[in-house]
Amino acid sequence: MLNDLLARNRNWSAERQEQEPDFFTRLAAQQAPEYFWIGCSDSRVPANVVAGLDPGEVFVHRNVANVIHSSDMNLLSALEFAVDTLHVREVIVCGHYGCGGVKAATEDVPHGLADHWLEPIRRLARSYAADLTQLPDIEQRRERLAELNVVDGVRRVAETPILRRAWQHGADIRIHGLIYGLKDGRLRDLDCTVGPDHFQSADAT
Ligand SMILES: [Zn+2]
């Protein structure tokens, strides 16, 4: 198995260098991605592949069900580096339909540590219970919950001191919420983008 993987890597490396001889030397010198992607660990949603991006074009953080915990040092460290050092312009929170983490959060059976991790999704499900029960079946409720989790994630990223500070210093960063369809390979914009005026508009209301 591992030998297969290493052989695939050798082929990929050779093909990439054939297409662009200085590809690896250029990337080794510096990465300058425009995007920071926060997505699910699901093997079917690899950021570079589904967004059609090359190595070097997207900085990535993934966890189970793309949950934004405001005290997650792993996520916050990556976010801070992306914003303050890489100066990314677009932060993308990407969920997906058919998410096992979202499904687990809707089940009444124990999942061990995952139940702690997925607690924000359970809380969202309770908050939006009246809306979710309008949907005809559990699959549609889970799909809607996956969308709500993304929208909530965008808001949580926007509320971090990292983004607040960056916007105060004039950084033109936007945070977008996307959802990916496993069945058609398409990314959809959930139209919940927030940008530099986020705190201004919040203060005005
Ligand atoms: Zn998932």
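All of the points below concern the structure found in this document. Keep in mind the model is a prediction, meaning the values are calculated, not measured. (Residues numbered from 1 in each chain as written. Predicted model: local features only at pLDDT ≥ 70, side-chain atom pairs only at ≥ 80, totals over all residues. Heavy atoms only, no water.)

## A few points about the overall build of the chain
Across its full length, the chain carries eleven helices and five strands. Referenced to the eigenvectors of the C-alpha coordinate spread, the extents of the chain come out at roughly 55 × 45 × 30 Å. Within the chain, contacts between residues separated by at least 24 positions form 61% of all contacts whose residues are at least 6 apart in sequence. For the chain, the exposed surface amounts to about 11900 Å²; the carbon and sulfur share of it is 51%. (Helix = DSSP H or I, 4+ residues; strand = E, 2+ residues; numbered from the N terminus. Contact = heavy atoms within 4.5 Å. Areas by Shrake-Rupley, 256 points an atom, 1.4 Å probe, with all protein chains shown as cover.)

## Overview of the coordination of the zinc ion
Within the protein, the zinc ion binds to C40 (SG), H96 (NE2) and C99 (SG); these donor distances fall in the range 2.1 to 2.3 Å. All donors of the zinc ion belong to a single chain; written as a sequence motif, their spacing is C-x55-H-x2-C. Across this residue pair, the class does not change: H96 and C99 are buried. (Donors = N, O, S within 2.8 Å, 3.2 Å for Na, K, Ca; no water. Buried < 20%, exposed > 50% of the residue type's maximum accessible area, 1.4 Å probe, protein only.)

## With respect to the sheet that holds strand β2 (residues 58-63)
What holds strands together in a sheet is hydrogen bonding between their backbones, with the strands either parallel or antiparallel. Strand order in the open sheet made by the five strands is β2-β1-β3-β4-β5, with mixed pairing throughout. One side of each edge strand has no neighbouring strand; the edge strands of this open sheet are β2 and β5 (187-189). Neighbour-to-neighbour, the strand axes of this sheet turn through a mean angle of 25 degrees, independent of strand direction. Relative to strand β4 (residues 174-180), strand β3 (residues 90-96) runs parallel, the two being bridged by seven bridges. Each residue of the ladder has a partner; that of G95, found in β4, is I179. Sheet contacts for helix α9 (residues 138-158): β1 (35-40), β3 and β4; angle to β4, the most-contacted strand, approximately 165 degrees. (Pairing = 2+ DSSP bridges. Axes fitted to C-alpha atoms, helices over the stretch in contact; angles between N-to-C directions.)

## Comments concerning the packing of aromatic side chains
Applying the stated criterion across every chain yields a total of four aromatic pairs. Ring geometry for W12 and F24: centres 5.5 Å apart, planes at 75 degrees, overall edge-to-face. Separated by twelve residues along the polypeptide, W12 in helix α1 (residues 2-19) and F24 in helix α2 (residues 23-29) bring together distant segments of the chain. Under the relative-accessibility criterion, W12 is labelled partly exposed at 39%. With relative accessibility at 28%, the residue F24 sits in the partly exposed group. Relative to F59, the ring of F36 lies with its centre 5.6 Å away and its plane at 40 degrees, an arrangement referred to as tilted. (Phe/Tyr/Trp six-rings, centres within 6.5 Å; stacked < 30°, edge-to-face > 60°.)

## Some words on the pairing of β3
By the criterion of burial, β3 is predominantly enclosed, with six of the seven residues buried. Where β1 and β3 come together, five bridges link them in parallel fashion. Bridge pairing in β3 places G39 opposite C94.

## Considering the packing of helix α4 (residues 73-85) against helix α10 (residues 161-168)
In contact at an axis separation of 10 Å, α4 and α10 are set at 10 degrees when each is read in the N-to-C sense. The angle between the axes of α4 and α10 places the two elements in the roughly parallel class. Handedness of the crossing formed by α4 with α10: right-handed. Residues L76, L79, E80, V83 and D84 of α4 pack against I162, L163, R165 and A166 of α10. (Parallel < 35°, antiparallel > 145°, perpendicular 65-115°, else oblique. Left-handed = near helix turned anticlockwise from the far one by under 90°.)

## Observations concerning the pattern of salt bridges
It is possible for side chains of opposite charge to pair when their charged atoms get near one another. In this structure the tally under the stated criterion is 15 salt bridges. Sharing partners across several salt bridges, the network here consists of E80, D84 and R165. (Salt bridge = Lys/Arg side-chain N within 4 Å of Asp/Glu carboxyl O.)

## Topic: α9
When the terminal C-alpha atoms of α9 are compared, their 30 Å separation across 21 residues agrees well with the 30 Å that a helix rising 1.5 Å per residue should span. Where α9 begins, the capping side chain belongs to D137, and its oxygen is found 3.0 Å from the backbone nitrogen of E139. (Expected span 1.5 Å × (residues − 1). Polar contact = N/O pair within 3.5 Å; in protein donor to acceptor, adjacent residues only side chain to side chain.)

## Quick word on the side chain of N66
Mapped onto the secondary structure, N66 falls in the loop between β2 and α4. With sequence-adjacent residues up to four places away left out, N66 is seen in contact with I38, G39, C40, C94, G95, N149 and V150.

## Looking at unusual backbone geometry
Residues other than glycine seldom take positive phi values, yet N66 does so here, at roughly 40 degrees. Note on N66: relative accessible area 2%, which makes it buried. Phi angles above zero are rare outside glycine, and D191 is one such case at about 50 degrees. Relative to the helices and strands, D191 resides in the loop between β5 and α11 (198-204). With relative accessibility at 67%, the residue D191 sits in the exposed group.

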